Amino acid sequence: MGEPLLVAEHLTKRFPNGVLAVDDVSLTIAKGETVGIVGESGCGKSTTARMILRLLSPDAGSMQFAGEEIGMLGRSRLRSLRAKLQLVPQNPQTSFNPRLSIGSSIAFNLQSHGWEKRRLSARIGELLDRVGLGASYSSRYPHELSGGQLQRAAIARALCTDPELVVCDEAVSALDKSVQAQVLNLLVELQRESGVAYLFISHDLTVVEHLSDRVIVMYLGRVVEEGPAAELWRNPAHPYTKALLSASPGAAGPRIKLEGDPPSPANPPSGCCFRTRCAIAINECAIERPRLRETAPSRRVACLRAEPALISAP
Amino acid sequence: MSTAVAMDERTLGATLTVDDLKVTFANKRQRVEAVRGVTFGIAPGRTLALLGESGSGKSASARAIMHLDNRGVELGGQVRLGDTIVSALSESELQKVRGGLIAMVPQDPTASLDPLRRVGAQIVEVLRVHGIETNRRAARDSAMNLLSRVGIPDPSRVMRAFPHELSGGMRQRAAIAVAVACRPTVLIADEPTTALDVTVQAQVLELFSELQAEVGMSIIMVTHDVGVAREIADYVAVMYAGRLVEIGSVDDVLERPAHPYTAALVDSVPTPETKRGELHVIPGRPPGPGDTPQTGCDFAPRCKFAIASCMTMPPPLVPVGTGHLAACPVVDGLVPAELAGVAV
């Protein structure tokens, strides 16, 4: 792994309604790397992303970005941080102001980071060119663009301040498959040009595998497994990861069936949070919360039973 | 007429046949032809996937089979179920067909279940309206059975629950219980798993297969997901811009596509072998409801195989193999695998 860009440690967030959305999550993103987070709804992947963006404050834990502690930054320092840390949201229809042209929306972003007025239009034209729209889109309004075009504009807006990390929260999930492929290729191309790192969050496992260097699997607010994408897909170690990957339509091999729904994050089970749906759970799983431990270089698993000898057990 | 040839190929021994179905949404200002002459049939106990992207007309076709939309909708063509011409029925006769012979599972069960009534009461209502159970008590027992049949672990609790008290997966199971309550001949499922997590999606798809084996119903599965179609369907019908571009067995259509659009759609989904940044893409975007339809092939502006004649005349669906039809005269039956997509 290269030089660490973002180091988040022991992030925890409990919402006022008692839901423990993120429970002691640590993650590292290196410069120019793509880290994927997968997990089902309610697993805490979006909450984790929102804390990293400092849109939410963590209850506990620390975050360093490019060596600087960012967990407690004040407003003005936060603003300069945000130039380096941007978001491509799931639904561009609701993230663009419908009454501003695409160019004005991007200009708003640039000006809030101190760009001079006279340099704006050249910069906006260049950005829209880079995402394959062309400068003429600057005067268009959000409703005039298709979903795929608008998502390209959202990417242009995210890149306008030359960020080092872009969080893509379900950024391609709303797009048709043929358009999704275009946007995924664009993200890769931009990364090769600029060396930006991505935190890529999606429920679509094939997309995450395709795009990510490393993948983090979350379940009920916790990290249950992490590792290099290709290895994780080839040989998942945690029983939840195995079930998740086998459930993806078109996945090879026999499907591991999970019974029922995930438990409520307001009242998680004792010990291992997955034990209530796990086929290989033993009594100890209810007592002790499994630590994330290294099973192979750069592979970490939070499962008492994930020993190499047991990994192949159903 | 080309439709007649196509009909024979596609409707032999079919339970449900749809012939030259047209759906036009019209208001004072504009007319949108959402479905422009779609013909297919489905055999008993089989599953047909209607595959397409947003705006392709797949949902509009499915809804038109049941005459679900009335206001501002013009329907054309014929829908036949056994000896009944569904498209000629009056509204009151249709009421008996809907939920009885043909039932529907929607994408979003929160929209189809009544939020103000308990789940149990909603199933009991379906059973009694269609005369399956006349006795209230017996209807309750059947409803309970149905809920446990669709894999709800605690049916007596769910009977008393309101829809909002259930998880997404449980709600979709409840909606499926309502749909299969009268043992329909045809079940139409409109993206029934799109809103669900993958592990729950896997459970629900398996449930469809189990219920089909038990009840013997035909299933029309509307989906945008090639993976879902591959998993559940016997036959796949691919729609683009309101027309069928290809139809045939799941293996023929998805493994040996004969239309460039099908080939490109299958190819735009990453596989473990796809190199990063080299996903096959289809340039441009699917036509939207406001776009003027092409005079020729609808896919021609995005198609790398297009030749001059593609721009002038819409290609008919023609047989390219046994029970396999495609609407592309240029590729002549099989899209060369290495040329299907365009790496950009």
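These numbers come from a predicted model, not from an experiment. (Residues numbered from 1 in each chain as written. Chains lettered and ligands numbered in written order. Predicted model: local features only at pLDDT ≥ 70, side-chain atom pairs only at ≥ 80, totals over all residues. Heavy atoms only, no water.)

Chemist: Give a detailed account of the overall build of chain B, specifying residues and quantitative values.
Modeler: Each helix and strand counted, chain B has 12 helices and 14 strands in total. For 344 residues, the compact-globule formula gives about 20 Å, and the C-alpha radius of gyration of chain B, at 21 Å, lands near that figure. Based on the C-alpha atoms only, the size of chain B along its principal axes is roughly 65 × 50 × 40 Å. Residues classed as buried in chain B amount to 52% of the 344 residues present. In chain B, once contacts between residues fewer than 6 apart in sequence are set aside, the share between residues at least 24 apart is 66%. Accessible surface, chain B: about 15100 Å² in total, of which carbon and sulfur atoms supply 52%. Charged side chains of chain B number 33 positive and 38 negative; the gap between the two group centres comes to 8 Å. (Helix = DSSP H or I, 4+ residues; strand = E, 2+ residues; numbered from the N terminus. Rg over C-alpha atoms; globule rule 2.2 N^0.38 Å. Buried < 20%, exposed > 50% of the residue type's maximum accessible area, 1.4 Å probe, protein only. Contact = heavy atoms within 4.5 Å. Areas by Shrake-Rupley, 256 points an atom, 1.4 Å probe, with all protein chains shown as cover. Lys, Arg positive; Asp, Glu negative; His and termini not counted. Charge placed at Lys NZ, Arg CZ, Asp CG, Glu CD.)

Chemist: Tell me what's going on with the overall build of chain A, and back it up with residues and numbers.
Modeler: Within chain A one finds 12 helices and 12 strands. The C-alpha radius of gyration computed for chain A amounts to 20 Å, which stays within 12% of the reference 20 Å derived for 314 residues, consistent with globular compactness. Taken along the three principal axes of its C-alpha coordinates, chain A extends 65 × 45 × 40 Å. Relative to its 314 residues, chain A shows a buried fraction of 55%. In chain A, the share of contacts with a sequence separation of at least 24, taken over all contacts with a separation of at least 6, comes to 63%. Per element, the accessible surface of chain A, about 13300 Å² overall, is 51% carbon and sulfur. For chain A, the separation between the mean place of its 36 positive charges and that of its 32 negative charges on side chains is 4 Å.

Chemist: Tell me about the pattern of salt bridges, and name the residues and values.
Modeler: On inspection of all chains with the given rule, the structure shows 30 salt bridges over all chains. One salt bridge connects Arg77 of chain A with Glu68 of chain A, and the closest N-O pair in it is separated by 2.3 Å. Take Glu68 of chain A: its relative accessible area is 31%, and that puts it in the partly exposed class. For Arg256 of chain B, the salt bridge is made with Asp252 of chain B, and the minimal N-O distance between the two is 2.9 Å. Within this structure, Glu33, Arg214, Glu226 and Arg300 of chain A form a network of salt bridges that share partners. (Salt bridge = Lys/Arg side-chain N within 4 Å of Asp/Glu carboxyl O.)

Chemist: Lay out the sheet that holds strand β9 (residues 235-240) of chain B with the relevant residues and their values.
Modeler: Residue and element names in this part refer to chain B. Spatial ordering of the open sheet is given by β6-β7-β8-β3-β9-β10-β13-β12, a layout of 8 strands whose pairing is mixed. Unpaired on one side and paired on the other, β6 (102-105) and β12 (318-321) mark the two borders of the sheet. If you compare each strand with its neighbour and ignore which way they point, the axes differ by 25° on average. Where β12 meets strand β13 (residues 324-326), 3 bridges bridge the pair, whose relative direction is antiparallel. Bridge pairing in β13 links Pro319 to Leu325. Taken strand by strand, helix α9 (residues 198-215) contacts β3 (47-51), β6, β7 (186-190) and β8 (218-223), and its axis lies near 160° from that of β8. (Pairing = 2+ DSSP bridges. Axes fitted to C-alpha atoms, helices over the stretch in contact; angles between N-to-C directions.)

Chemist: Which residues make up the layout of surface pockets, and what values go with them?
Modeler: All names here are of chain B. Of the pockets and cavities examined, the second largest pocket occupies roughly 760 Å³. Forming the boundary of the second largest pocket are 23 residues, of which Gly99, Met104, Ser112, Val126 and Val178 lie nearest the centre. Counting only elements with at least two residues in the lining of the second largest pocket, the list comes to β6, α5 (119-129) and α8 (168-180). For the lining of the second largest pocket, a count of residues per class yields 11 nonpolar, 6 polar and 6 charged. (1 Å grid on protein atoms, 1.4 Å probe; cavity = no way out; pocket = protein on both sides within 12 Å on 5 of 7 lines; lining within 4 Å. Points joined across faces, edges and corners; volume = space filled by probe spheres on them. Nonpolar A, V, L, I, M, F, W, Y, C, P; charged D, E, K, R; others polar.)

Chemist: Requested: an account of the sheet that holds strand β1 (residues 4-14) of chain A, with residues and values cited.
Modeler: Residue and element names in this part refer to chain A. Here 4 strands make up an open sheet; going across it, the order is β2-β1-β4-β5 and the pairing antiparallel. Two strands bound the open sheet, and with one partner strand each, they are β2 (20-30) and β5 (68-69). Two elements, β1 and β2, share 7 bridges in a ladder whose sense is antiparallel. Paired with Leu11 across the two strands is Val25, which belongs to β2. Helix α1 (residues 45-52) contacts β1, β2 and β4 (60-65) of the sheet and is inclined by roughly 60° relative to β2.

Chemist: I'd like a description of the nonpolar core, backed by residues and values.
Modeler: The tendency in soluble globular proteins is for nonpolar side chains to be buried as a group. Ranked by internal contacts, the top residues of the largest apolar core, which has 67 residues, are Ile106, Ile155 and Phe200 of chain A. The leading source of residues in this core is helix α7 (residues 177-194) of chain A, at 8 residues. Discounting chain neighbours no more than four positions away, the residues touching Ile155 of chain A are Val88, Val131, Val183, Leu186, Leu187 and Leu190 of chain A. With 41 residues, the next largest nonpolar core counts Ile152, Met170, Leu207 and Met221 of chain B among its residues. (Core = buried A, V, L, I, M, F, W, Y, C linked by side-chain atoms within 4.5 Å.)

Chemist: A description of the packing of aromatic side chains should follow, citing residues and the corresponding values.
Modeler: All names here are of chain A. This structure, assessed with the given rule, holds 6 aromatic pairs over all chains. Centroid distance Tyr219 to Phe274: 5.1 Å. Interplanar angle 90°. Geometry classified as edge-to-face. Of this pair, Tyr219 sits in strand β9 (residues 214-219) while Phe274 sits in the loop between α10 (239-247) and α11 (284-287); the two residues are 55 residues apart in sequence, bridging distant segments of the chain. For Tyr219, a relative accessible area of 2% puts it in the buried group. (Phe/Tyr/Trp six-rings, centres within 6.5 Å; stacked < 30°, edge-to-face > 60°.)

Chemist: Lay out the interface of chain A and chain B with the relevant residues and their values.
Modeler: Listed by partner, the interface residues are 33 residues for chain A and 37 residues for chain B. Surface buried jointly by chain A and chain B totals about 3000 Å² across both partners, of which 50% is contributed by carbon and sulfur atoms. For the pair chain A and chain B, the number of links is 3 salt bridges. Here Glu231 of chain B ties to Arg255 of chain A by a salt bridge, and the two come within 2.5 Å at their closest N and O atoms. (Buried area = accessible area lost by both parts, 1.4 Å probe.)

Chemist: An account of the pairing of β3 of chain B is requested, with residue identities and associated values reported.
Modeler: Residue and element names in this part refer to chain B. The buried fraction of β3 amounts to 5 of the 5 residues, a majority that puts the element mostly inside the structure. Because side chains alternate across β3, one face comprises the buried residues Thr47, Ala49 and Leu51, and the other comprises Leu48 and Leu50, equally buried. With 5 bridges connecting them, β3 and β8 associate as parallel partners. For Leu51, the partnering residue across the bridge sits in β8 and is Thr223. As paired elements, β3 and β9 share 4 bridges and run parallel to each other. Within β9, the residue paired with Leu51 across the bridge is Val238.

Chemist: Give me the lowdown on α10 of chain A, citing residues and values where you can.
Modeler: Burial runs high along α10 of chain A: 9 of the 9 residues are buried. Along α10 of chain A, the residues classified as buried are Pro239, Tyr240, Thr241, Lys242, Ala243, Leu244, Leu245, Ser246 and Ala247 of chain A.

Chemist: How would you sum up unusual backbone geometry? Please name residues and give values.
Modeler: Residues and elements named next belong to chain A. At His10, a residue that is not glycine, the phi angle is positive and equals roughly 55°. Here His10 shows up in strand β1. His10 sits in the partly exposed class, given a relative accessible area of 48%. One non-glycine residue, Asp162, lies in positive phi territory at about 50°.

Chemist: Hey, could you go over the packing of helix α6 (residues 147-159) of chain A against α7 of chain A for me, with residue numbers and the actual values?
Modeler: All names here are of chain A. Orientation of α6 relative to α7, taken along the N-to-C sense of each, is 15°, at an axis distance of 10 Å. With respect to α7, the axis of α6 lies roughly parallel. Crossing hand, α6 versus α7: right-handed. For the pair α6 and α7, the contacting residues are Gly148, Arg152, Ile155 and Leu159 in the first and Val179, Gln182, Val183, Leu186, Leu187 and Leu190 in the second. (Parallel < 35°, antiparallel > 145°, perpendicular 65-115°, else oblique. Left-handed = near helix turned anticlockwise from the far one by under 90°.)

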